[in-house]
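Architecture at a glance
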Amino acid sequence: MKINGQHYRSVWPIGEDAFGIIDQTKLPHEFATLTLRNAEAAAHAIITMQTRGAPLIGAVGAYGLALAVREDSSDEHLTKVHDMLAETRPTAINLRWALKRMRDALLNQPHDKRAALAWKEAAAIADEDVAMSEAIGKNGLKIIREIAAKKPGKTVNILTHCNAGWLATVDYGTALAPIYLAHDDGIPLHVWVDETRPRNQGASLTAFELGSHGVHHTILADNAGGHYMQAGQVDMVIVGTDRVTANGDVANKIGTYLKALAAKDNDVPFYVALPSSTIDWTLENGRDIPIEERSQDEVLKMSGRLPDGSVAMVEIAAPGSGAANPGFDVTPARLVTGLITERGTCAATPEGLRSLFPK
Ligand code: MRU
């Protein structure tokens, strides 16, 4: 992705003793970067959502663990920091996948080699994520082309929820990667961007990304998607995911399930884009996915820019009311038209997933 003409990834190494991230809590009002120098800083960035999105927190966790190994390469320290980072957010499996991969790559290695190996492995996780996202983009582009071919010369309207673009991955994105490639391919596109309350990842992050890339888009209140589907103004839905279980159930940002129900009722294809690092082969179905419960403040308050240019948090609810704030919901596989992966698109079924990932 490019910001003001400069190419960025969402996480990048700085020498071999620090790494950089974009501070996503400042977007869309300010583009700021942070330098993280230890695993504790990485954990803090994940917990506070300075960095977020399933594939990205996997890569950030990997770099955090690599920094910890530089300080102390013992098995005990490796395991302690692995567990500490794994606890930062519960739903996205990519974080655990990346941390396990790091630990497996290091545990039986000589201690004097571990720091260099860890840095290399974290970089490999980041590079592979970029390659997977690009491949997802190409596979999703085929679907958008088919839809475009059915309405020659007319705009393809795509609805997306939350942020599954380059800010949620190392580059390109998952759900947004096909959109960027289709736009670059000259397909006339318009994206309905769910604002994605309570944290507004759609309005603040997806809209920022699409705008930076010149993709025509409109932000929607979360409740409006069904209305536009009924009106025939949505040709397809594409979302990302934090965890897909072996039967094809999909955990994604809260509100995704309602969009899938509306899509089913209106015969709108509902696609989920994911790298294979998001598949949890150990869970048979989505009922067992841990759903993150977040602070009620995210529902009761909202941050935004004031007329004087400063950014402030304001209260939006009746004083004294409490709030519930599940971060994710599970969309049953039966509502999913297809899973777009780096190896191709498959049915959201055990057989579909196994056809692309036999092992
Ligand atoms: O809570 P967040 O902002 O980390 O949630 C992110 C999402 O739900 C994304 O849709 C998901 O991680 C897919 S990212 C490519």
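Once a new chain begins, its residue numbering starts again from 1 and follows that chain's sequence as written. Per-residue local features are limited, in this predicted model, to residues with pLDDT of at least 70; the limit for side-chain atom pairs, both in listing and counting, is 80 or more; totals at the level of whole chains, interfaces and linings are taken over all residues. Heavy atoms throughout the structure, all of them, feed into the side-chain values; hydrogens and water do not.

1. Observations concerning helix α4 (residues 93-106)
Inclusion rule: Helix numbering and strand numbering both begin at the N terminus, where a helix is a DSSP run of H or I of at least 4 residues and a strand a DSSP run of E of at least 2. Take the residue count of a helix, subtract one, and multiply by 1.5 Å to get its expected span. Using a 1.4 Å probe on the protein chains alone, a residue whose accessible area is under 20% of its type maximum counts as buried, one over 50% counts as exposed, and one in between counts as partly exposed. Here a residue-residue contact requires only that any non-hydrogen atoms of the pair lie within 4.5 Å.
Helix length check: α4 (14 residues) gives 20 Å between terminal C-alpha atoms against 20 Å at 1.5 Å per residue, within 8%. Of the residues making up α4, those classed as buried are Ile93, Asn94, Leu95, Ala98, Leu99, Arg101, Met102 and Leu106. In the core, the buried residues of α4 are packed alongside α1 (39-47), α2 (54-71), α3 (75-86), α5 (111-150), β10 (243-245) and β13 (279-280).

2. So, the domain arrangement of the chain
A common way to express how large an interface is: the accessible area buried when the components associate. Condition: All domain edges in this entry derive from an automatic or database-based domain assignment. Buried area counts how much accessible surface, traced with a 1.4 Å probe, disappears from two parts once they are put together, with both parts' losses summed. Here, a salt bridge means any Lys or Arg side-chain nitrogen found within 4 Å of an Asp or Glu carboxyl oxygen. We call two N or O atoms a polar contact when they sit within 3.5 Å, provided that within protein one can donate a hydrogen and the other can accept it, with sequence-adjacent residues counted only if both atoms are side-chain atoms.
We note that the domain assignment places domain 1 (2-128) and domain 2 (136-356) within the chain. In this structure, domain 1 and domain 2 have C-alpha centres spaced 24 Å apart. On the domain 2 side, the residues contacting the 31 residues of domain 1 number 33 residues. The junction of domain 1 with domain 2 conceals about 2,500 Å² of combined surface from both sides, 58% of it contributed by carbon and sulfur atoms. Between Arg89 and Glu292 there is a salt bridge, with its nearest N and O atoms 2.8 Å apart. The tally of links from domain 1 across to domain 2 stands at 15 residue pairs in polar contact (both at pLDDT 80 or more). Elements with a contribution of two residues or more to the side of domain 1 that touches domain 2: β1 (2-3), α2 and α4.

3. A few points about the packing of aromatic side chains
Inclusion rule: To pair, rings of Phe, Tyr and Trp, with the six-membered ring standing in for Trp, must have centres within 6.5 Å; the planes then decide the type, stacked if under 30 degrees apart, edge-to-face if over 60, and tilted in the middle.
Inspection of the entire model under this criterion finds seven aromatic pairs. Relative to Trp119, the ring of Tyr63 has its centre 5.1 Å away and its plane inclined at 70°; by these criteria the two rings are edge-to-face. Remark: Trp119 occurs in helix α5 and Tyr63 occurs in helix α2; sequence separation between them is 56 residues. The class for Tyr63 is buried, based on a relative accessible area of 2%. In this structure Trp119 comes out as buried when scored by relative accessible area, which is 6%. Consider the rings of Trp281 and Phe357, whose centres lie 6.4 Å apart with planes at 65°: the pair is edge-to-face.

4. As for the pattern of salt bridges
In the structure shown here, the tally under the stated rule is 17 salt bridges. When the shortest N-O distance is used, the salt bridge between Glu298 and Arg294 registers 2.8 Å. When sorted by exposure, Glu298 lands in the same class as Arg294, which is buried.

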